[in-house]
Amino acid sequence: MIICGRDFSPALVERLNQRRDDLSRRALSRELCQWLDWKGPSGEWQTTNARIAIRKLERCGLVKPPTQVSPFPGRNKTEPVPPRLGQLPPISGSLAQIGPVQLILVGHRHSQAGRQCRQLLENFHPLGARLCGSQLRYLIRCPQGIVGVVCFSAAARRLRARDEWIGWSDTVRAENLHRIVNNSRFLIRPGVQVKNLASHVLALAAKRLAQDWEQRYGYRPWLLETFVEKAKYLGSSYRASNWKELEATTAGRGRNDPKHKADQTPKRIFVYPLISKARESLRQMPAQPRLARVQPVAAPESAPADWAEEELGQVRLGDERLRQRLLVITRDFYARPQSNVPQSCDGNRAKTKATYRFFDHPQVSMDAVLKAHYAATTRRVAQHPVVLAAQDTTSLNYSTHPAAQNLGLIGSQSEGPIGLLVHDTMAFNLEGTPLGLLDVQCWARDPDQFGKKHKRRQLHFEEKESVKWLRSLEAVERAQSQCPQTQIISVGDREADIYELFVWATQKPGRPQLLVRAEHNRRVQDEHRYLWEHMAAQPVAGLKEVRLPRRANRAARTAQLEVRFGAVELRSPKHRAKMPNVRLWAVWARETGTPAGVEPVEWMLLTSLP
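Residues numbered from 1 in each chain as written. Predicted model: local features only at pLDDT ≥ 70, side-chain atom pairs only at ≥ 80, totals over all residues. Heavy atoms only, no water.

*Asks:* In this structure, what is going on with the overall build of the protein? I would like to understand it.
*Replies:* Within the protein, the regular secondary structure consists of 18 helices and 21 strands. Out of the 610 residues in the protein, the part that is buried amounts to 40%. Considering only contacts within the protein whose residues lie at least 6 apart along the sequence, 65% involve residues at least 24 apart. Of the roughly 34900 Å² of accessible surface on the protein, 49% is carried by carbon and sulfur atoms. In the protein, 93 side chains carry a positive charge and 60 a negative one; their mean positions are 8 Å apart. (Helix = DSSP H or I, 4+ residues; strand = E, 2+ residues; numbered from the N terminus. Buried < 20%, exposed > 50% of the residue type's maximum accessible area, 1.4 Å probe, protein only. Contact = heavy atoms within 4.5 Å. Areas by Shrake-Rupley, 256 points an atom, 1.4 Å probe, with all protein chains shown as cover. Lys, Arg positive; Asp, Glu negative; His and termini not counted. Charge placed at Lys NZ, Arg CZ, Asp CG, Glu CD.)

See the structure below:
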């Protein structure tokens, strides 16, 4: 059985029954978490979910009910009655007149702020004060007193309009649902009349929520959602705060509707991305799934008939006819790689129409097609002791197709070429033979984000386009976990000289090694110098001859490179002061005896490999 995303085998159920006579539900749930390594996104044991699973097994008759009696018989758990708020004075005027509005994060529920928050919600909010799952509560204050409450809690488990808008599968939804946070309560108390106050509070909350959530739960959310009763409210304050209203509404079922009556009022759905490309990030399977069962890479049961079946024969598109059509299309495109679709299909009208229908099918996507190829690549990677996983970005220029939709800018000019960006990771053996792709990311830039490069230092790393390098590393890590005898080294050019990547590669053992050509002259910890200055002080380890081919403005020549190397400890950048220092190895190769008027060849490499 699969309960709460975990496998319960007959052996595990029997083990639970053996321990049931000795432990209470609470203690048994704690042991169950340890047996399954059942941890939440914050890294804490999921004892609540474990107790839910045990109760379900008890209702099915598979696990015996507890025999232990409560050590506190007759003792009722009573909640302390929160004190009254007293007379709340009316507050009116403009935002400037009432003074600065602040959000006070509520700590313990029984603290003074927690009692005030609860009392306000119970007295003035129609849904009361009870929230579900992980949660943060804020008191809204100004110099004149308490203004209201805003609360955030766990997202709705299933929501058709939201799930279709994101475009994720059930498996990915289960893994990434914790990255969505619900604005479950928003109260401006009676007696407060301040124009633009609601939208101002929402903006303040969206600005600080991710950091507060990470401090309490250990991870950052990517998307906010909320529901507004359609018959009563328009959601004007959310629109004014740049929240996006989805086209569809809720079905009116609410959180608990076992009889499928849908007897509640449908609600408007608003979402607010906390990072750029939130939808794309939510659609990505995490590098280390918490709930999904990861199967080892297995070879096909029978020998493939040709290379197309070897690469894509194991694809799962939900219909055998789609799989067969994919193989036909792949063979046709391979035979005529420079032809358009009708030409690749031999001019056959029926074949051409079938190809276009294949691409329009809802179950066909780039990730679904490439998943089988990734598995084939991983099988080849496992046959080599060392593999290089080179990643880089390319652009697809569709400027000659101005009527095409969903394209974005691919240059540095606002009126420049349009198209798509593709970031791929290809595996090579040490002889340079390509073994296949391990990851492909494709996206179009949002035109509204153009010209915001100057704000990059204020953005979290996952909000930047540079996160593509991390997504590639996570894909390489998944391949590494399935090829324990192979050392995979991720290779990137100077664009990959990103401090967050070095921290990621070195903070956990067993991750892929990293090799990057340095772009930034970073600070070195020990001598309080910079990278180039530090490497210039290292002795020459050897000479390397490199044959340079002819270029338009450079004649062919053989370059003599002096090679220096050494261990370095890089200091965290000033705008990332909270990040730890990183210990790496640096290799510096620089040409000597360069002809006059010719720029010397130089490489500064940073790697996690000794």
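There is more to say after this.
*Asks:* Looking at this model, I keep getting lost on the sheet that holds strand S5 (residues 135-142). Mind explaining?
*Replies:* The pairing of strands in a sheet comes from backbone hydrogen bonds and takes either a parallel or an antiparallel form. Read across the open sheet, the 7 strands follow the order S4-S5-S6-S7-S9-S11-S10; overall the sheet is mixed. A single partner strand is all that each edge strand has here, and the edge strands are strand S4 (102-105) and strand S10 (244-245). Two strands pair when backbone bridges link them, and S10 and strand S11 (residues 267-273) are joined in this way by 2 bridges, in the antiparallel orientation. Bridge pairing in S11 links Lys-244 to Val-271. The sheet strands contacting helix H5 (residues 112-124) are S5, strand S6 (145-154) and strand S7 (180-188), and the helix crosses S6 at an angle near 90°. Running at roughly 140° to S5, helix H8 (residues 197-217) makes contact with S4, S5, S6, S7, strand S9 (223-229) and S11 of the sheet. (Pairing = 2+ DSSP bridges. Axes fitted to C-alpha atoms, helices over the stretch in contact; angles between N-to-C directions.)

*Asks:* Would you take a moment to explain the nonpolar core for this structure?
*Replies:* Generally speaking, nonpolar side chains in soluble globular proteins are found buried as a group. Ranked by size, the top nonpolar core spans 30 residues in total, and within it Ile-140, Val-150, Phe-152, Val-201, Leu-209, Trp-213 and Leu-224 carry the most contacts. Mapped onto this core, the elements with two or more residues apiece are S5, S6, S7, strand S8 (192-194), H8 and S9. The element best represented in this core is H8, accounting for 8 residues. In this view, Trp-213 contacts Ser-134, Gln-135, Leu-136, Phe-152, Ser-153, Val-181, Gly-218, Tyr-219 and Pro-221; residues no more than four positions away in its chain are not counted. Val-467, Ala-518, Val-568 and Trp-588 belong to the second largest nonpolar core, which has 26 residues in total. (Core = buried A, V, L, I, M, F, W, Y, C linked by side-chain atoms within 4.5 Å.)

*Asks:* Explanation requested: the confidence of the model for the protein in the structure shown.
*Replies:* Reading predicted coordinates in detail is not appropriate for stretches of low pLDDT. Averaged over every residue, the pLDDT of the protein is 87; residues scoring 70 or more account for 91%. For the protein, strand S2 (residues 6-7) is the element with the lowest average pLDDT, namely 79, and strand S17 (residues 513-517) is the one with the highest, namely 96. Confidence drops under a pLDDT of 50 for residues 292-299, and excluding neighbours within four residues, the segment shows 14 contacts in the predicted structure. (pLDDT = per-residue confidence, 0-100.)

*Asks:* Sorry if this is basic, but what is going on with the pattern of salt bridges here?
*Replies:* In a structure, side chains of opposite charge can pair up when their charged atoms sit close to one another. Under the criterion given, the structure shown has 29 salt bridges. Close ionic contact of Asp-212 with Arg-208 constitutes a salt bridge, the shortest N to O distance being 2.7 Å. Here the residue Asp-212 and the residue Arg-208 both occupy positions in helix H8, the gap between them amounting to 4 residues, near one helical turn. Residue Arg-208 is classed as partly exposed on the basis of its relative accessible area of 28%. In this structure, Arg-323 and Glu-320 form a salt bridge, with 2.8 Å as the shortest nitrogen-oxygen distance. Linking Arg-323 with Glu-320, this pair stays in helix H12 (residues 320-335), spanning 3 residues, or about one helical turn. Residue class for Arg-323 comes out buried when judged on its relative accessible area of 17%. Beyond isolated ion pairs, a larger network of salt bridges with shared partners links Asp-332, Arg-336, Asp-346 and Lys-351. (Salt bridge = Lys/Arg side-chain N within 4 Å of Asp/Glu carboxyl O.)

*Asks:* Help me out: how do you make sense of a positive patch on the surface in this one?
*Replies:* Taken together, the side chains of Arg-55, Lys-56, Arg-59 and Arg-157 present a region of like positive charge at the surface. Residue classification places Arg-59 among the exposed residues on the basis of a relative accessible area of 65%. (Patch = residues over 30% accessible without salt bridge, like charges linked within 9 Å, V, L, I, M, F, W, Y side chains within 5 Å.)

*Asks:* Hey, could you run me through a nonpolar patch on the surface in this one?
*Replies:* On the surface, Phe-333, Tyr-356 and Phe-359 cluster together into a nonpolar patch covering about 280 Å² of accessible area. Structurally, the position occupied by Phe-359 is in helix H14 (residues 349-360). Assessed through its relative accessible area of 40%, Phe-359 is described here as partly exposed.

*Asks:* Is there a simple way to explain the packing of aromatic side chains in this structure?
*Replies:* To describe a pair of aromatic rings, you give the distance between the ring centres and the angle between the ring planes. Tallying each qualifying case throughout the model produces 9 aromatic pairs. Note on Phe-186 and Tyr-238: the rings are 6.4 Å apart at their centroids and 75° apart in plane angle, and the pair reads as edge-to-face. Here Tyr-238 lies in helix H9 (residues 236-240) and Phe-186 lies in strand S7, a separation of 52 residues in the sequence. Of the two residues, Phe-186 and Tyr-238, both sit in the buried class. Judged by centre distance (5.0 Å) and plane angle (75°), the rings of Tyr-238 and Trp-243 are edge-to-face. Site record: aromatic cluster; members linked through ring pairs are Phe-186, Tyr-238, Trp-243, Phe-270 and Tyr-272. (Phe/Tyr/Trp six-rings, centres within 6.5 Å; stacked < 30°, edge-to-face > 60°.)

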